[in-house]
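Here is how the chains run, residue by residue.
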Amino acid sequence: EPEVTQTPSHQVTQMGQEVILRCVPISNHLYFYWYRQILGQKVEFLVSFYNNEISEKSEIFDDQFSVERPDGSNFTLKIRSTKLEDSAMYFCASSARYIASTDTQYFGPGTRLTVL
Amino acid sequence: SQKIEQNSEALNIQEGKTATLTCNYTNYSPAYLQWYRQDPGRGPVFLLLIRENEKEKRKERLKVTFDTTLKQSLFHITASQPADSATYLCALDLAGGGNKLTFGTGTQLKVEL
C-alpha cells in the first residue's frame, strides 16, 4: 500500500541553524501539507500546498518557514534559523482531493526535530 | 473562541467492551469530521470520515456519529481489543481553501485484558 515517507526520522540541530525536512508524498496525490506536534500537545496545521504554491498557512508558518516541491516526488519544509520552540515532531501529509470532492489526508511517520 | 474538546483523561476499558470517545466543538461549522488513531511517536492514521449531512458511519468494529446541532461526534469501538490501545484524535475539516485539518488534543484509550 502506498505511504508517505519522511527523512530524517530524527534531526538534532543547534539554535540558529537551518534545517530541511524532507517528505515523499503518495505518488498520485495533489495536495501536500505540513503539521507539527510539540510533545504532549495537539497536532497543529502549518501549511498546505497545491499546484506549486501555498494554498493556506497558519500563524505559526512565519517568514522563517518555507516549503518547496523541488522535483516531481519530494516536498520539503525549511526552517531558516531554528529556535528552541521549534522542537517538535513534524508530519508531512498528502491527499488526492479532486475538485468538488474531498479526500482523506495520509500522514507520514514524522521527523523529530530537536533544537539545542 | 473556537474549541475542539476531547476527554483529556485516559479511558480504560476491559477487552470485549465498547469504547465510546467524545469530540465536542464550538464556533466551528465543519463540512467534515475525521477520526485518526495515533500511536506513541508515530503519525496519525486515518480511520473514518463523516460529512455534515451524515448521521452515522461504520467500518468494521468502528462507528462514528455526527450531530451538528449538538456540535458533537461520538466514536465507538465495539468488541475492543488490547491492540486498540492508542490515542484517538478528532479533526475538523472546514472545507475552506487549503483543506487544513484542525485537531483536538486526543483521548488515550487503554484496553485491558
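Refer to the structure above for everything that follows.
In short, a report on the structure. (Residues numbered from 1 in each chain as written. Chains lettered and ligands numbered in written order. Predicted model: local features only at pLDDT ≥ 70, side-chain atom pairs only at ≥ 80, totals over all residues. Heavy atoms only, no water.)

**Observations regarding the nonpolar core**
Buried together is how nonpolar side chains tend to be arranged in soluble globular proteins.
No. 1: Core analysis: the biggest nonpolar cluster contains 23 residues, and Leu33(B), Trp35(B), Phe75(B) and Tyr88(B) have the highest contact counts within it.
No. 2: The next biggest cluster of nonpolar side chains, apart from the first, holds 21 residues, and it includes Ile26(A), Leu46(A), Tyr90(A) and Leu113(A). (Core = buried A, V, L, I, M, F, W, Y, C linked by side-chain atoms within 4.5 Å. Buried < 20%, exposed > 50% of the residue type's maximum accessible area, 1.4 Å probe, protein only.)

**Thoughts on the environment of Phe32(A)**
Residues and elements named next belong to chain A.
No. 1: Within the secondary structure layout, Phe32 lies in strand S4 (residues 31-37).
No. 2: In sequence terms Phe32 and Phe75 are 43 residues apart; their C-alpha atoms lie 7.7 Å from each other.
No. 3: Apart from the residues lying within four places of it in its own chain, the contact partners of Phe32 are Pro25, Val47, Ser48, Phe49, Arg69, Phe75, Ala93 and Ser94. (Helix = DSSP H or I, 4+ residues; strand = E, 2+ residues; numbered from the N terminus. Contact = heavy atoms within 4.5 Å.)

**Topic: the pattern of salt bridges**
Where charged atoms from two side chains of opposite charge come close, those side chains can pair.
Residue and element names in this part refer to chain B.
No. 1: One pass over the structure, following the stated rule, counts six salt bridges over all chains.
No. 2: Across the pair Arg61 and Asp84 runs a salt bridge, and its minimum N-O distance is 3.0 Å. With Arg61 in the loop between strand S6 (56-59) and strand S7 (62-67) and Asp84 in the loop between strand S8 (72-77) and strand S9 (86-93), this pair connects stretches of sequence that are 23 residues apart. (Salt bridge = Lys/Arg side-chain N within 4 Å of Asp/Glu carboxyl O.)

**Quick notes on the state of the cysteines**
No. 1: Per the counting criterion, the structure on display carries two disulfides over all chains.
No. 2: There is a disulfide in this structure between Cys23(A) and Cys92(A), and the S-S distance comes to 1.9 Å. As the torsion about the S-S bond is roughly -65°, the Cys23(A)-Cys92(A) disulfide counts as left-handed. Residue Cys23(A) is located in strand S3 (residues 19-24), and its partner Cys92(A) is located in strand S9 (residues 88-95); the two are separated by 69 residues in the primary sequence. An identical accessibility class is assigned to Cys23(A) and Cys92(A); each is buried.
No. 3: Across a sulfur-sulfur distance of 2.0 Å, Cys23(B) and Cys90(B) are joined as a disulfide pair. What sets the handedness of the Cys23(B) and Cys90(B) disulfide is the S-S torsion sign, and at about 50° it is right-handed. Here Cys90(B) lies in strand S9 and Cys23(B) lies in strand S3 (residues 19-26), a separation of 67 residues in the sequence.
No. 4: For Cys23(B), a relative accessible area of 0% translates into the label buried. (Disulfide = S-S within 2.5 Å.)

**So, the interface of chain A and chain B**
No. 1: The partner chain B presents 22 residues to the 21 residues of chain A that form the contact.
No. 2: Counting each side, the surface lost to burial between chain A and chain B is near 1700 Å², with a carbon and sulfur contribution of 53%.
No. 3: Across the chain A-chain B interface, the total number found is one salt bridge.
No. 4: The closest approach of N and O atoms between Lys100(B) and Glu56(A), which form a salt bridge, is 3.9 Å.
No. 5: Along the contact surface separating chain A from chain B lie four residue pairs in polar contact (both at pLDDT 80 or more).
No. 6: Listing elements by their share of the side of chain A that touches chain B, those giving two or more residues are S4, strand S5 (43-50), strand S6 (53-57) and S9 of chain A. (Buried area = accessible area lost by both parts, 1.4 Å probe. Polar contact = N/O pair within 3.5 Å; in protein donor to acceptor, adjacent residues only side chain to side chain.)

**Re the sheet that holds S6(B)**
Residue and element names in this part refer to chain B.
No. 1: Read from one edge of the open sheet, five strands run S1-S3-S8-S7-S6, paired in antiparallel fashion. Two strands lie at the open edges of the sheet, namely strand S1 (3-6) and S6, each paired on one side alone. Between one strand axis and the next, the sheet turns through 15° on average, direction left out of account.
No. 2: The sheet contact formed by S6 and S7 spans four bridges and is antiparallel. If you follow Lys57 over to S7, its bridge partner there is Val64. (Pairing = 2+ DSSP bridges. Axes fitted to C-alpha atoms, helices over the stretch in contact; angles between N-to-C directions.)

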